[in-house]
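Analysis of the macromolecular model
Below are the chains, spelled out letter by letter.
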Amino acid sequence: MDAREMKVKAAEAALAHVEDGMRLGIGTGSTAEEFVRLLAEKVHGGIRVEGVPTSERTARLCVELGIPLKSLEELPELDLTIDGADELDANLTLIKGGGGALLREKIVAAASGQMIVIADETKLVDTLGRFPLPIEVNPFGLAATRIAIERAAEKLGLSGDLKLRMSGNDNFMTDGGHYILDASFGRIPDAEALSGELNSIPGVVEHGLFIHMASFAIIAGPAGARTLKAK
Ligand code: 5RP
């Protein structure tokens, strides 16, 4: 089974949790896009759902495939969000934001009764941090914010490159008009402490650590998909 097939398996298993009439948060990334394609088939088959996309990219795909969309203003309370992750551990703490949509993803997940994470088994790690942590920052004061992040990380014994994400020759710009610093800390033994430190920095808009947000995860491997609940 190749990586795409595993993503499809996880997306299929998540689709079984979608019920008629649900208000759905719809994630971003290649795994979430497999879910969107399967959801579109169900919509064409007659299921009624309303989706709130977590990015402009996901919104475009949903429109193309005929999934009815609403904004979070129109639907501020959602039943279920289904989204991918860049990494997750046994406590279901996630690193997200590889696709640059972490702010809207976190807002949408927080507005949902449940969040299901879909991922292939390569995303499951003992300790988070192999994947660089995306930190969304305001362009104003970028240099000062970078220093503040370095100092905050140092307090927790963390260090590593903070790389400004690029898109070709330009700085990558999120849907909210912010930049992303990808932090290569290597290992993040205490995600809650790091989250607290990052949240206290004014120039940090949001970070990609999702803590106590996932209800459960569906992890796909060559043998099929399994459900992972927090330890
Ligand atoms: C986007 C995300 C994605 O969920 C994450 O990057 C996983 O993407 P993929 O399914 O393509 O591996 O957080 O901001």
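What this report covers is the structure whose coordinates are included nearby. (Residues numbered from 1 in each chain as written. Predicted model: local features only at pLDDT ≥ 70, side-chain atom pairs only at ≥ 80, totals over all residues. Heavy atoms only, no water.)

Turning to the packing of aromatic side chains, a few remarks are in order. In total, this model carries zero aromatic pairs according to the counting rule given. Lying over the aromatic face of F210, K106 brings its terminal NZ or CZ to 5.1 Å of the ring centre. Sitting over the ring of F172, R165 keeps its end group 5.3 Å from the ring centre. (Phe/Tyr/Trp six-rings, centres within 6.5 Å; stacked < 30°, edge-to-face > 60°. Lys NZ or Arg CZ within 6 Å of the ring centre and 35° of its normal.)

Moving on: the pattern of salt bridges. Within this structure, the stated rule accounts for 15 salt bridges. E56 is paired through a salt bridge with R104; the nearest N and O atoms lie 2.8 Å apart. One end of the pair, E56, is in helix α3 (residues 56-65); the other, R104, is in helix α4 (residues 102-110), with 48 residues separating them in the sequence. In this structure R104 comes out as partly exposed when scored by relative accessible area, which is 30%. Across the pair K96 and E105 runs a salt bridge, and its minimum N-O distance is 3.2 Å. Using a relative accessible area of 2% as the deciding quantity, one classes K96 as buried. (Salt bridge = Lys/Arg side-chain N within 4 Å of Asp/Glu carboxyl O. Helix = DSSP H or I, 4+ residues; strand = E, 2+ residues; numbered from the N terminus. Buried < 20%, exposed > 50% of the residue type's maximum accessible area, 1.4 Å probe, protein only.)

Relative to the assigned elements, E33 resides in helix α2 (residues 30-44). For E33, the residues in contact, after removing those within four places along its chain, are R57 and L61. (Contact = heavy atoms within 4.5 Å.)

Turning our eyes to something else, we now look at the sheet that holds strand β7 (residues 133-137). Strand pairing in a sheet relies on backbone hydrogen bonds. The paired strands run either parallel or antiparallel. Read from one edge to the other, the open sheet built from four strands follows the order β8-β11-β7-β12, with strand pairing classed as antiparallel. Single-partner strands in this sheet number two, and they are β8 (162-164) and β12 (204-207). With strand direction ignored, the average angle separating the axes of adjacent strands in the sheet is 30°. Examined bridge by bridge, β8 and strand β11 (residues 179-183) share three bridges and lie antiparallel to one another. Each bridged residue has a counterpart across the sheet, and for K163 the counterpart in β11 is D182. Here α4 sits on the sheet and contacts β7, β11 and β12; the angle it forms with β12, its principal contact strand, is near 65°. Each of β7 and β12 is contacted by helix α6 (residues 191-199), which is oriented at about 160° to β12, the strand it contacts most. (Pairing = 2+ DSSP bridges. Axes fitted to C-alpha atoms, helices over the stretch in contact; angles between N-to-C directions.)

Another point: the nonpolar core. In terms of nonpolar packing, the biggest core is built from 27 residues, with V18, F35, L39 and I118 touching the most fellow members. For this core, the secondary-structure elements that each account for two or more residues are α1 (3-15), β1 (23-26), α2, α3, β3 (78-83), β6 (112-120) and β14 (216-221). If you tally residues by element for this core, the top one is α2, at six residues. When residues no more than four places from it in sequence are discounted, the contact partners of L39 are L15, V18, L24, I26, V49 and I67. Among the nonpolar cores identified, the runner-up in size contains 25 residues, and L128, A153, F185 and L198 belong to it. (Core = buried A, V, L, I, M, F, W, Y, C linked by side-chain atoms within 4.5 Å.)

Around the ligand, a shell composed of 16 residues is seen, among which S30, T31, D86, G97 and K123 lie nearest. Residue G98 places a main-chain N or O atom 3.5 Å away from an oxygen atom belonging to the ligand. Here an oxygen atom of the ligand sits 2.7 Å away from a polar atom, N or O, in the side chain of K123. In isolation the ligand exposes 380 Å². Once the protein is present, 90% of that is buried. Here the shell around the ligand is composed, by residue class, of two nonpolar, nine polar and five charged. (Near = heavy atom within 4 Å. Polar contact = N/O pair within 3.5 Å; in protein donor to acceptor, adjacent residues only side chain to side chain. Areas by Shrake-Rupley, 256 points an atom, 1.4 Å probe, with all protein chains shown as cover. Nonpolar A, V, L, I, M, F, W, Y, C, P; charged D, E, K, R; others polar.)

Overall, mixed pairing links the six strands, which are arranged β2-β1-β3-β6-β14-β15 in an open sheet. A strand with exactly one partner marks an edge of an open sheet, and here the two such strands are β2 (50-53) and β15 (224-228). Ignoring strand direction, the axes of neighbouring strands in this sheet form an average angle of 20°. Pairing of β6 with β14, which is carried by five bridges, proceeds in the parallel orientation. Residue pairing in the sheet places A119 in a bridge with I219 of β14. Of the strands in this sheet, β3, β6, β14 and β15 are in contact with α1, which crosses β14 at around 145°.

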